[in-house]
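# Secondary and tertiary structure notes
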Amino acid sequence: MSDQPQAPAPVDTAGDLPLEPLPPGYIPEQFAKSADPSSPPPMRMMAARAMAPIPPKALVPIIYQLMMDPEPKIAAAAVKTFRSLDDKMLAPVIQDHDLPPQLLDAFCHTLVDKFGMIEKVLLNRGTPDQGFVYVAEHATDERVINVVVENQERLLRDHDIVRGLKKNPKARRSDLDRAIDFLVREGVFLEDLAEF
């Protein structure tokens, strides 16, 4: 029954998720077969659906890697799973300070409105600036927006974060003003933003 009409999506199943293969050797050797495109499809599908007996710290990166699987059905299943990971699965992974930037960037997209989780991602120094830009533009929770505005080091380093805040209808004027005031005090002027 799985061969029935559920296939229209494969072309870009990940949507706006940034996908870039994980560094070689990041997935522990004993579990790496679950993400290997040459492994049997049923084995990869079990992992893509989070049904493989693998601890979360290894399984979540495997699911991420499977979103790029050459088999569209497996990739689509992995995307669906990755987007709906629950806190129980995510908590042990997000505590890790050595997460690869590509995984942290993807978390910025899927956890943007889960304050408890996204806060940990945003406070991780390894999170790439483009993840912050995405959160600045798409967050709807005031507390999340506040974490973005408070990170002055990043505001100074990547001005697209302020541009993202400006595009976000949920960002309060006072948050945007705080970010702009900080940049102005640091001698930064963004000519494309009227506020400057």
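Provided above is the structure to which this section pertains.
Reading guide: rules and limits
- Residues numbered from 1 in each chain as written.
- Predicted model: local features only at pLDDT ≥ 70, side-chain atom pairs only at ≥ 80, totals over all residues.
- Heavy atoms only, no water.
- Helix = DSSP H or I, 4+ residues; strand = E, 2+ residues; numbered from the N terminus.
- Buried < 20%, exposed > 50% of the residue type's maximum accessible area, 1.4 Å probe, protein only.
- Areas by Shrake-Rupley, 256 points an atom, 1.4 Å probe, with all protein chains shown as cover.
- Lys, Arg positive; Asp, Glu negative; His and termini not counted.
- Charge placed at Lys NZ, Arg CZ, Asp CG, Glu CD.
- Arc of directions from axis to C-beta.
- Contact = heavy atoms within 4.5 Å.
- Core = buried A, V, L, I, M, F, W, Y, C linked by side-chain atoms within 4.5 Å.

Scanning the protein for helices and strands turns up 11 helices and zero strands. Across its three principal axes, the protein shows a C-alpha extent of roughly 60 × 35 × 25 Å. Evaluated residue by residue, the protein yields a buried proportion of 47% over its 196 residues. Carbon and sulfur atoms make up 54% of the accessible area of the protein, which amounts to about 10400 Å² in all. Taken together, the 22 basic and 30 acidic charged side chains of the protein have centroids lying 4 Å from each other.

Our next topic: helix H4 (residues 87-94). Those residues of H4 that sit buried are Met 89, Leu 90, Val 93 and Ile 94. The buried residues of H4 all sit within an arc of 110° when viewed along its axis, so they share a single face. Among the structural elements, helix H2 (56-66), helix H5 (101-110) and helix H6 (115-123) are those in contact with the buried residues of H4.

The backbone of Ala 50 sits at a positive phi, close to 60°, despite the residue not being glycine. Position of Ala 50 relative to the elements: it lies in the loop between helix H1 (41-48) and H2.

Turning to the nonpolar core, a few remarks are in order. In terms of nonpolar packing, the biggest core is built from 65 residues, with Phe 82, Phe 107, Leu 122, Val 135 and Val 162 touching the most fellow members. The element contributing the most residues to this core is H2, with seven residues.

Spatial relationships are all this shows, so hold off on functional conclusions.
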